[in-house]
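# Residue-level structural notes
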Amino acid sequence: MNSFNYEYPVRQHFGKGCAESAIKEEMKRVEAKCVMLAYGGASLKRTGLYDKVKAWLEESGKTVIDFGGIMPNPTYAKVQEGARIARSEQVGFILAVGGGSVIDCCKIVSAQAMMDEDVWDAWYNDHRMPTKFIPMGAVVTASGTGAEQNNGAVITHEEKKLKQPLFGAFHSFAVLDSDLTKTLPIKQVVSGAFDTLSHCMETYMGKPQTTNLTDEINEAVMRNVIKNLRRLIANPNDDFARDELMWASALAENSLLKLGKQTDFQCHMIEHAVGAYTDCNHGQGLAVIHPAVYRHLLDAGKEKLARMAEEVWAAAMVNISSRVPTPPGRATKMSLWASIRSLRSLRLSHGISMSRSGKVLPPRSTSVGTTPMVLPPFAFTALPMQSIRPELQPPKTR
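Residues numbered from 1 in each chain as written. Predicted model: local features only at pLDDT ≥ 70, side-chain atom pairs only at ≥ 80, totals over all residues. Heavy atoms only, no water.

### As for the packing of helix H1 (residues 19-27) against helix H3 (residues 49-59)
The criterion, for reference: Helix axes are fitted to C-alpha atoms over the stretch in contact, other axes to C-alpha atoms as well, and angles between N-to-C directions run from 0 to 180 degrees. Secondary structure elements are taken from DSSP: a helix is a run of H or I of four residues or more, a strand is a run of E of two residues or more, and numbering for both begins at the N terminus. In this scheme, a crossing is called left-handed if the near helix is turned counterclockwise away from the far one by less than a right angle; it is called right-handed if the turn is clockwise. When checking whether two residues touch, look at their non-hydrogen atoms; a contact exists if any pair is within 4.5 Å. By the convention adopted, Pro, Cys, Tyr, Trp, Phe, Met, Ile, Leu, Val and Ala count as nonpolar, Lys, Arg, Asp and Glu as charged, and the other residues, Gly among them, as polar.
The N-to-C vectors of H1 and H3 enclose an angle of 35°; their axes lie 9 Å apart at closest approach. Considering how the two elements wind past one another, H1 and H3 form a crossing that is right-handed. Of the residues in H3, those touching H1 at Ala19, Glu20, Ile23, Lys24 and Met27 are Val53, Trp56, Leu57 and Glu59. Looking at the contact of H1 with H3, its residues break down into six nonpolar, no polar and three charged.

This is the structure we're talking about:
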């Protein structure tokens, strides 16, 4: 492994039914009286969770400021709206209740509210990260993104047609109560599991590619996601499987699986570019992109793909203690393709679809809403920003 330094700031409250006690405990640590309650659509109110969380905050002596309507693939305009509210209401703490979109949006709100200049320009033009933030906490209702575990966010700048990372605040705490995921459609749970699996694979395929402890932990997390996704599909009331998927999501993004590794998250960069033009579901986009990218990595990533086939996909299907180890030197073309086929098969078996009609995805980019006119510009925006020469401009679309 490469050398590393590791420090982690987020307290974890994990367990079925832990939300009320965790929020009330954390509010004792929060000196600010004015708390912004941030959330997505109407489902939080329809399920009654909004009223519960607001009551818990008020019982803790807090004044609650509403910030709702955060959309999937949160926009930069929504970030600016939240920052304006935070300034005008003198918000001293932000509680994000939702999935990755709500949490990501709030990370950048927490930074922009404390800055005079534009946070997007500060990063992409001046290469400066924000240094002051409104403190935050997160209550996760849709696991998979692991957004509550880090300070990175993905924001869509609609005017620029860019979906890019920005950096904001770490949460002081994260509440991981699997009961809160039960209101989600099962398709969204599946999408979240694919996002977790993608986070694992993106790091696993990074460098160094020699077998190491970080990657062996990663293999265990991937096996767990595959196994418990199947369990939850078979029985949506399986609380154990929900718990396991929620904790796997956290482990995939709390930096543990990245220790000693170098990676570029290339599938995520491609999906972000696709999402900027099509607004496709993040997890579903990744489920389409990964098999396609790995077909192009058969030579460069042959050892890792072969090991993934054996230690992850084969092991997820049977008891690991009963398997016969594959002899050394068996990294055949068949074993390399096994990882790609297994990943694609998992996606198809759970009926992941990009279309509103609910049709199962074929392995083509057109199924995520792309067209020949859209492909060239999102190929440009998928590149790391610092690698694009100024004289190269994305082709214009009609």
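Now that the structure has been shown, we can carry on.
### A look at the sheet that holds strand S8 (residues 173-176)
Keep this limit in mind: The criterion for strand pairing is that DSSP finds at least two bridges linking the strands in question.
Spatially, the six strands line up as an open sheet ordered S1-S8-S5-S4-S2-S3, and their pairing is parallel. Edge strands, defined here as strands with exactly one partner in the open sheet, are strand S1 (11-14) and strand S3 (63-67). Adjacent strand axes in the sheet meet at a mean angle of 20°, parallel and antiparallel pairs treated alike. Looking at chain direction, strand S2 (residues 34-38) and S3 are connected through five bridges and run parallel. Residue Cys34 lies in a different strand from S3, and its bridge partner there is Thr63. Each of S2 and S3 is contacted by helix H4 (residues 76-88), which is oriented at about 155° to S3, the strand it contacts most.

### A few points about the side chain of His199
Take His199: it is sitting in helix H7 (residues 186-204). Aside from chain neighbours lying at most four places away, what touches His199 is Gly144, Thr145, Ala252, Glu253, Phe265 and His268.

### Overview of the pattern of salt bridges
Operational definition: By definition here, a salt bridge exists when the distance from a side-chain nitrogen of Lys or Arg to a carboxyl oxygen of Asp or Glu is within 4 Å. Buried residues are those whose accessible area, probed at 1.4 Å on protein chains only, stays under 20% of the maximum for their type, while exposed residues exceed 50% and partly exposed ones sit between those limits.
Scanning the entire structure with this criterion turns up 20 salt bridges. Linking Asp238 and Arg231 is a salt bridge whose minimum nitrogen-to-oxygen distance equals 2.9 Å. Asp238 gets classed as buried once you look at its relative accessible area, which sits at 11%.

That's the geometry; what it means functionally is another story.
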